[in-house]
Each structure stands twice: as C-alpha cells, then as structure tokens.
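Inside the fold
One-letter residues, chain by chain:
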Amino acid sequence: MHAHIPDQSGRIAVVTGANSGIGYVTARELARRGAHVVLACRSPERGRDALDRLLTEAPGSRAELRRLDLSSLESVRSFAAGWDLGRLDLLINNAGVAMVPFSRTADGFETHFGVNHLGTFALTGLLMPYLLAGGEARVVTVSSEGQRFARFDLSNLNAERGYSSPFAYVQSKRANLYFAVELQRRMTAAGLPLRSMAVAPGLTRTNVLTGGANAGRGAVYQRLIRLLVRLTFQPTEGGARTSLHAATARDLPGGSYVAPDGLLELRGAPTIRQGHRAIHDTVTARRLWELSERLTGVRYETPTDTAA
C-alpha cells in the first residue's frame, strides 16, 4: 500500500503520537524508507513497545523514542529544548485526543483545544529554527474529515460556555486546518521554503476513541465503539496514506489539504481538496494564530514576524 514512497535517506523526522495507530504506521514507513525517525510519545512504556515493534518490522532502520506530552506546555518546551539532532526535515503533527469527557490540560485549557491545537502550535513554533535550518522542511498536521461540521467559535474555544465532546473535537480539528494553511501563508510571505500541509485520514481503526481519557468510559461504551470501528472504519494502513503522501510526495504544493478521494472523504486514495471554505478564511485563521501566540507564549520567529 505504501510502496510509492520515495527514498527518505538522510531526512530527520518527528512523528507525534507514534506509539499507535496512524502515527505508528507513518513512523514505521518513513523509517523503512531510510529516514531517521523520532517517535514523540506521551507514555514511555507504550513508546518503548512501539519502538521495539518498529525495529522488528523495519529491521536496520534508524528510530528513537523521546517523551512528549502535548497536554503540558512545559513538556513541549522540554522536548524542543532537548533537540540535539541539528536540522529537522519533517514534523508530523499526528498526536491528538478525540471526544474525551470534559477535562482541562495542565495549563488550564479544554483538552481537545489544548492538546490538538495549542500543543501542536507550540511544538511547531519551538522547533521552527530547526525546521528552517533544513532548507526544504515540511510540517504535516493531521486534521479530520469531521472538521467540515465544526461551528467554529473563537469566543468559546476553551469551553467556558458549555461542553460537547463531539463539538470540541471537530472544532479542534478545524483549528488544525486553520493553523496549517496560515503557517503556509506566513512562510510564503517571508520567502521561506518550508511547506505546511494539512491532512484528513478518513475513518480509521485506531484506539483514539477507546484509549487514553476514553479508557474509563465503561464496558458498554467500549464494546459498542469497538464493534462500530471494526465494521465501518478502514484499517490503519489506509488512514496513514494521506500523512505519508503529504510528507513525501515530491511536487505537492505548500498549503495543500490532502484527504481521501472517496465519498465524504471517509476513505480512498490521497487527493488535494481545496474547496473547503475554512482553507480560504484568512481572517479567522489569523485571529486564531494571534490568540494561540498569547495563550502559549510561543511566537514564531520569522523575518515577517520580526518586521511586523
């Protein structure tokens, strides 16, 4: 399924949430094609298991494990401060949570917004010097086909006025899309070669609905969700196709939104979909960017920002 991936020898890649699901497959296939892959995982135990599995399935590959918890800005800063591999060629912002019960991160943010968007925003910004040092770096941010249904409310991103887990999830995935395309606009304006893309994996069999904060939802929930996922969702290999395409396709333009080509973007081959209104909503994307800088304390240092 992933035989089309070009040689990645010499590239250094970070894949967040690489211990399972789409993130694991993405990390394994990049390593299999020659990249030096850093598995950035919240749980050291699950991360070590994933690394051992990867090295078994892709013998001779170069991979390592580093701890990263996107629900903690302190952990994000620690990960970036400990970066010692020089340039960074590829950042796959894959980690996230989905439809978890209401909770807040270590920094007081609603969990979907804090992990899926703010943690990703902060990590990318703090790694920017290493991304720009590579010359042809890419940032791939995993959104969701569900972002199409978000009622994006800039005044209630932190769930101060009521909470619905599906609403919070798709809103955070819309934020991922806004972030990816706004990052590309800023790179283009600054004359920098970094390419930023967003992807939607389609409905995919991962543990995002049953693991993590969803693990305590009870036996009935677990059985129903596992049955639903098994019957209607595509295998994980299929869900990783868009991430791998965005990460490796040679002529893919920055600012692309890569999603499955099938009905409702639920499954299929990777294709560029630029018709979504959110992709062209520059006002909301800019306002979200400015809010994210204030909330995280992370400012992207580019020539454009400095001049502004």
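Here, every reference points to the structure presented above.
Predicted model only: the values in this text are computed from it and were never measured.

Attention shifts here to the overall build of the protein chain. Across its full length, the protein chain carries 10 helices and eight strands. Scored against the burial criterion, the 308 residues of the protein chain give a buried share of 57%. The long-range share in the protein chain, meaning contacts at least 24 apart out of those at least 6 apart in sequence, stands at 74%.

Attention now goes to the packing of aromatic side chains. Summed over the entire model, instances satisfying the criterion amount to nine aromatic pairs. For the pair phenylalanine 121 and tyrosine 300, a centre-to-centre distance of 5.0 Å together with 50° between the ring planes defines the contact as tilted. With a gap of 179 residues between them, phenylalanine 121 in helix H4 (residues 111-133) and tyrosine 300 in the loop between helix H9 (282-296) and helix H10 (303-307) connect regions that are remote in the sequence. For the ring pair phenylalanine 152 and tyrosine 178, a centre distance of 5.0 Å and an interplane angle of 70° mean the geometry is edge-to-face. With phenylalanine 152 in the loop between strand S5 (138-142) and helix H5 (165-189) and tyrosine 178 in helix H5, the pair connects residues that are 26 residues apart, well separated along the chain. You can call phenylalanine 152 buried: its relative accessible area is 17%. Residue class for tyrosine 178 comes out buried when judged on its relative accessible area of 1%. Feature note: the residues Phe121, Phe179, Trp289 and Tyr300 constitute an aromatic cluster, connected by ring pairs.

This brings us to the environment of valine 258. By the element assignment, valine 258 lies in strand S7 (residues 257-260). Residue classification places valine 258 among the buried residues on the basis of a relative accessible area of 0%. Separated by 16 residues in sequence, valine 258 and glutamine 274 place their C-alpha atoms 8.5 Å apart. With near-sequence residues (within four places) excluded, valine 258 lies in contact with Ala198, Val199, Ala200, Thr242, His245, Ala246, Leu252, Pro270 and Thr271.

Now for the sheet that holds S7. Read from one edge to the other, the open sheet built from eight strands follows the order S3-S2-S1-S4-S5-S6-S7-S8, with strand pairing classed as mixed. The sheet terminates laterally at strand S3 (62-67) and strand S8 (270-272), the two strands that pair on one side only. Adjacent strand axes in the sheet meet at a mean angle of 20°, parallel and antiparallel pairs treated alike. In the sheet, strand S1 (residues 12-16) pairs with strand S4 (residues 90-93) via three bridges, with the strands oriented parallel.

Close contact between helix H1 (residues 21-32) and helix H8 (residues 241-248) brings their axes to 9 Å; oriented N to C, the two are set at 40°. Taken together, H1 and H8 sit at an angle that is classed as oblique. Like other packed secondary-structure pairs, H1 and H8 cross with a definite hand, here right-handed. Here H1 contributes Ile22, Thr26, Glu29 and Leu30 to the contact with H8, which in turn contributes Ser243, Leu244 and Thr248. The residue makeup of the contact of H1 with H8, split by class, is three nonpolar, three polar and one charged.

Let us now look at unusual backbone geometry. Of note in this structure, methionine 99 is not a glycine but carries a positive phi near 50°. Relative to the helices and strands, methionine 99 resides in the loop between S4 and H4. The backbone of alanine 159 sits at a positive phi, close to 60°, despite the residue not being glycine. Structurally, alanine 159 is set in the loop between S5 and H5.

Attention now moves to the nonpolar core. Counting 49 residues, the largest nonpolar core has Phe79, Leu127, Leu131 and Leu183 as its most contacted members. At the level of secondary structure, the elements contributing two or more residues to this core comprise S1, strand S2 (36-41), helix H3 (73-81), H4, H5, S7 and H9. Counting residues per element, this core draws most heavily on H4, which supplies nine residues. Contacts of leucine 131, omitting those with residues within four sequence positions, involve Leu88, Leu91, Thr124, Ala137, Arg138, Val139 and Leu194.

Within the structure shown, the criterion is met by 13 salt bridges. A salt bridge links aspartate 89 to arginine 87, with the shortest nitrogen-to-oxygen separation between them at 2.8 Å. Where salt bridges share partners, they join Arg28, Glu29, Arg32, Arg33, Arg53, Glu57 and Glu237 into one cluster.

Our focus in this paragraph is the side chain of serine 75. Locating serine 75 in the fold gives a position in helix H3. In this structure, serine 75 is in contact with Arg67, Leu68 and Asp69, ignoring residues within four places of it in sequence.

Locating threonine 296 in the fold gives a position in helix H9. Ignoring anything within four residues of it in the chain, the contact list for threonine 296 reads Leu73, Arg77, Leu118, Phe121 and Ala122.

Right, let's talk about the environment of alanine 198 for a bit. Tracing the backbone through its elements, the reader meets alanine 198 in strand S6 (residues 195-199). Classification of alanine 198 as buried rests on a relative accessible area of 1%. Here alanine 198 is in contact with Thr141, Leu177, Ala180, Ser256, Tyr257 and Val258, once residues within four sequence places are set aside.

Definitions and cut-offs
- Residues numbered from 1 in each chain as written.
- Predicted model: local features only at pLDDT ≥ 70, side-chain atom pairs only at ≥ 80, totals over all residues.
- Heavy atoms only, no water.
- Helix = DSSP H or I, 4+ residues; strand = E, 2+ residues; numbered from the N terminus.
- Buried < 20%, exposed > 50% of the residue type's maximum accessible area, 1.4 Å probe, protein only.
- Contact = heavy atoms within 4.5 Å.
- Phe/Tyr/Trp six-rings, centres within 6.5 Å; stacked < 30°, edge-to-face > 60°.
- Pairing = 2+ DSSP bridges.
- Axes fitted to C-alpha atoms, helices over the stretch in contact; angles between N-to-C directions.
- Parallel < 35°, antiparallel > 145°, perpendicular 65-115°, else oblique.
- Left-handed = near helix turned anticlockwise from the far one by under 90°.
- Nonpolar A, V, L, I, M, F, W, Y, C, P; charged D, E, K, R; others polar.
- Core = buried A, V, L, I, M, F, W, Y, C linked by side-chain atoms within 4.5 Å.
- Salt bridge = Lys/Arg side-chain N within 4 Å of Asp/Glu carboxyl O.

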